[in-house]
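The primary structure of each chain is shown beneath.
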Amino acid sequence: MQNIIGWFEASPITEAAGGLAALLFIAWLADRVAVRAVLRLVDRLVEKTTITWDDLLVQQRIPERVGHVVPVMVIYLGLPFVPGLTNAQVGMFRGGLGAVMIFVVALAASAALNGVNAIYSKTEGAADRPIKGYIQLGQIGLFAVAGILVISTLTGQNPTVLLGGIGAFTAVLLLVFRDTILSVVASVQLTSNDMIRIGDWIEMPKYGADGDVTEIALHTVKVQNWDKTITTIPTHALIADSFRNWRGMSLAGGRRIKRALNLDMNSVRFLTPEEVEKMGRQELLADYIAGKKEELSRWESERSVPEGIRPEPRGLTNLGTFRAYLVNYLRRHSGIHQGMTLLVRQLPPGPEGLPMEIYTFAADTEWARYEALQADLFDHMLAILPEFGLQVFQNPSGRDLADALGTRRPRGEDVHLA
């Protein structure tokens, strides 16, 4: 042992290396004790509490990152006791350790900011006012300050001198952090003007986005499309370009139905007296038919037609009666929002017939039920059309041509494969 000690004392480099190795081993043990033991204690304390915010902080590994400061402090304080190291060498090593400590503290502070965001995201109204963009901005500033302090520690320069030198690179910094600056401005505008929230359904065709907003960060906004793909949109693009937000529809409680049924204009005609009487017995048309009869009777009694003059033809049409039926049908339908616009209107006729358009709002904004309601409405319209003597317009198909030419096979004579 005396020979080994003498050998170490005879070689200052070997003595210093051995002392540093022993110090690093002690620091490693301190890290194991600080991180493992402290973390176990923290986990037990967190499990016993009823509050949830401490669980979120532990999930961000804040205690573990803070615990890494212990081995750095052990080495920092133990360097003067390492034999063979000069004061200059101790100062050099301490400068490097100071930089490491600043970096470790910055990581712990960044994790703490993430913990603040996680706690805030669980509060009521967090979806309306997300702060993740501001948290990320704070982290950028935190690491920028940490970087300046690290450089200052390694070079021995005053931080204010370094900050003064940064002023000369302002143009370069603006170019490098252009997207970050644009994103900061966009985040402030999006939040202050309440333009977008987590959970909003937005459409932005330029980026192929059509779905729910899942995350609003400093640089990007994530949208989960209806096919479960994820589209990432630059935050500043939501200010520079236009997008559609369907939140207003959800808040109003009604989703618009705007769809037309093309009718064959050749099937439009006046109703016969027998048809008028028959339709007057229908629940949805009784008041309409009675009102029209009274109107026509009053008109007949007030007009005077000279002899030899053909009287003006006036009566109920199947098209007008069908439109009145649809209005009453929609007004009594439980799936239609009765507090919003309800119209049944004719659009200009064209080569594809006369469009009869329904313009109303569904009382349920959920997609599947909304589509089911639309389908039920037009199922009923198509089924009730023959009752009014109306036909749907449809371009001729191969079957129509075969009927016209008399070449279609009778039913039962189709060719079957062997």
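Residues numbered from 1 in each chain as written. Predicted model: local features only at pLDDT ≥ 70, side-chain atom pairs only at ≥ 80, totals over all residues. Heavy atoms only, no water.

**Comments concerning the overall build of the chain**
Alright, step 1. For the chain, the count of helices and strands is 17 helices and 8 strands.
Alright, step 2. Counting every position in the chain, which comprises 418 residues, the buried fraction comes to 30%.
Alright, step 3. In the chain, of all internal contacts separated by at least 6 residues, the share reaching a separation of at least 24 is 65%.
Alright, step 4. Accessible surface, the chain as shown: approximately 26,000 Å² in total, 60% of it carbon and sulfur. (Helix = DSSP H or I, 4+ residues; strand = E, 2+ residues; numbered from the N terminus. Buried < 20%, exposed > 50% of the residue type's maximum accessible area, 1.4 Å probe, protein only. Contact = heavy atoms within 4.5 Å. Areas by Shrake-Rupley, 256 points an atom, 1.4 Å probe, with all protein chains shown as cover.)

**Notes on helix α15 (residues 318–331)**
Alright, step 1. When the terminal C-alpha atoms of α15 are compared, their 20 Å separation across 14 residues agrees well with the 20 Å that a helix rising 1.5 Å per residue should span.
Alright, step 2. For α15, a buried count of 10 out of 14 residues is recorded, marking the element as mostly surrounded by other parts of the structure.
Alright, step 3. Looking at α15, one finds that the buried residues are Asn318, Leu319, Gly320, Thr321, Phe322, Ala324, Tyr325, Leu326, Tyr329 and Leu330. (Expected span 1.5 Å × (residues − 1).)

**Remarks on the sheet that holds strand β8 (residues 354–362)**
Alright, step 1. Taken together, 3 strands build an open sheet; the order of strands is β6-β8-β7 and the sheet is antiparallel. Each edge of the open sheet is held by one strand with a lone partner, namely β6 (255–263) and β7 (343–346). Across the sheet, the mean angle from the axis of one strand to that of its neighbour is 15°, orientation sign disregarded.
Alright, step 2. Two elements, β7 and β8, share 4 bridges in a ladder whose sense is antiparallel. Of the residues in β8, the one forming a bridge with Leu343 is Tyr359. (Pairing = 2+ DSSP bridges. Axes fitted to C-alpha atoms, helices over the stretch in contact; angles between N-to-C directions.)

**Concerning the side chain of Glu357**
Alright, step 1. Within the element layout of this structure, Glu357 appears in strand β8.
Alright, step 2. Within the structure, Glu357 has its side chain in polar contact with the side chain of Arg345 (distance 2.6 Å).
Alright, step 3. If sequence neighbours within four positions are ignored, Glu357 has contacts with Lys258, Arg259, Ala260, Leu343, Val344, Arg345 and Leu347. (Polar contact = N/O pair within 3.5 Å; in protein donor to acceptor, adjacent residues only side chain to side chain.)

**Here's the deal with the sheet that holds strand β4 (residues 230–234)**
Alright, step 1. Strand order in the open sheet formed by 5 strands is β4-β3-β2-β1-β5, and the pairing between neighbours is antiparallel. Lying at the two open borders of the sheet, with one neighbouring strand each, are β4 and β5 (244–245).
Alright, step 2. As judged from the 5 bridges shared by strand β3 (residues 220–225) and β4, these two strands associate in the antiparallel manner. Paired with Thr220 across the bridge in β4 is Pro234.

**Thoughts on the pattern of salt bridges**
Alright, step 1. Across all of its chains, the model carries 9 salt bridges by this definition.
Alright, step 2. Ionic pairing is found between Glu277 and Lys293, a salt bridge with its closest N-O pair at 2.6 Å. Residue Glu277 is located in helix α13 (residues 273–280), and its partner Lys293 is located in helix α14 (residues 286–302); the two are separated by 16 residues in the primary sequence.
Alright, step 3. Looking at Lys293, the relative accessible area reads 35%, which means it is partly exposed.
Alright, step 4. With a shortest N-O distance of 2.4 Å, Arg369 and Asp364 are connected by a salt bridge.
Alright, step 5. In this structure Asp364 comes out as partly exposed when scored by relative accessible area, which is 27%.
Alright, step 6. Beyond isolated ion pairs, a larger network of salt bridges with shared partners links Asp364, Glu366 and Arg369. (Salt bridge = Lys/Arg side-chain N within 4 Å of Asp/Glu carboxyl O.)

**Details of the nonpolar core**
Alright, step 1. Core analysis: the largest hydrophobic core is formed by 33 residues, its most contacted members being Ile257, Phe322, Tyr325, Leu330, Leu377 and Phe388.
Alright, step 2. Where this core is concerned, the elements lending two or more residues are β6, α13, α15, β8 and α16 (367–384).
Alright, step 3. It is α15 that provides the largest number of residues to this core, a total of 7 residues.
Alright, step 4. Non-local contacts of Phe388, meaning those with residues more than four positions away in its chain, are made with Arg269, Met279, Leu285, Asn318, Thr321, Phe322 and Tyr325.
Alright, step 5. Grouped together as the second largest cluster of nonpolar side chains are 13 residues, Met204, Ile216, Val221 and Phe243 included. (Core = buried A, V, L, I, M, F, W, Y, C linked by side-chain atoms within 4.5 Å.)

**As for the packing of aromatic side chains**
Alright, step 1. Per the counting criterion, the structure on display carries 8 aromatic pairs.
Alright, step 2. Arranged with centres 4.5 Å apart and planes meeting at 15°, the rings of Trp201 and Trp246 form a pair that is stacked. A residue pair is termed long-range when its members are at least 10 positions apart, and Trp201 in strand β1 (residues 201–204) and Trp246 in the loop between β5 and α12 (247–252) qualify at 45 residues.
Alright, step 3. When the ring of Tyr325 is compared with that of Tyr329, the centres are 6.1 Å apart and the planes differ by 10°; the resulting orientation is stacked. On the criterion of helical spacing, the pair formed by Tyr325 and Tyr329 is a turn pair, its members being 4 residues apart in helix α15.
Alright, step 4. Taking relative accessible area as the criterion, Tyr325 reaches 6% and is therefore assigned buried.
Alright, step 5. One aromatic cluster in this structure is built from Trp201, Trp226, Trp246 and Trp367. (Phe/Tyr/Trp six-rings, centres within 6.5 Å; stacked < 30°, edge-to-face > 60°.)

**Side note on the pairing of strand β2 (residues 209–216)**
Alright, step 1. Note: β1 against β2, 4 bridges, orientation antiparallel. Note that in β2 the partner of Met204 across the bridge is Ala209.
Alright, step 2. Once β1 ends, the chain turns through 4 residues before running back antiparallel as β2, passing Gly208 with a positive phi of about 65°.
Alright, step 3. Bridge analysis of β2 against β3 gives 5 bridges, and the strand direction is antiparallel. Note that in β3 the partner of Ile216 across the bridge is Val221.

**Some words on the confidence of the model for the chain**
Alright, step 1. In this model, the chain carries a mean pLDDT of 79, and residues with pLDDT of at least 70 account for 78%.
Alright, step 2. Across residues 414–418 the pLDDT falls below 50, and counting only partners more than four positions away or on other chains, this stretch makes 2 contacts in the model. (pLDDT = per-residue confidence, 0-100.)

**Quick word on unusual backbone geometry**
Alright, step 1. At Lys228, a position not held by glycine, the phi torsion is positive, near 70°.
Alright, step 2. You can see Lys228 is positioned in the loop between β3 and β4.

**Quick look at the packing of α15 against α16**
Alright, step 1. Between α15 and α16, the shortest axis-to-axis distance is 12 Å and the interhelical angle comes to 145°. The way α15 lies across α16 gives a crossing that is right-handed. For the pair formed by α15 and α16, the contact residues are Phe322, Tyr325, Leu326, Tyr329 and Leu330 on the first element and Leu377, His380, Met381 and Ile384 on the second.
Alright, step 2. Residue composition of the contact of α15 with α16, by class: 8 nonpolar, 1 polar and no charged. (Left-handed = near helix turned anticlockwise from the far one by under 90°. Nonpolar A, V, L, I, M, F, W, Y, C, P; charged D, E, K, R; others polar.)

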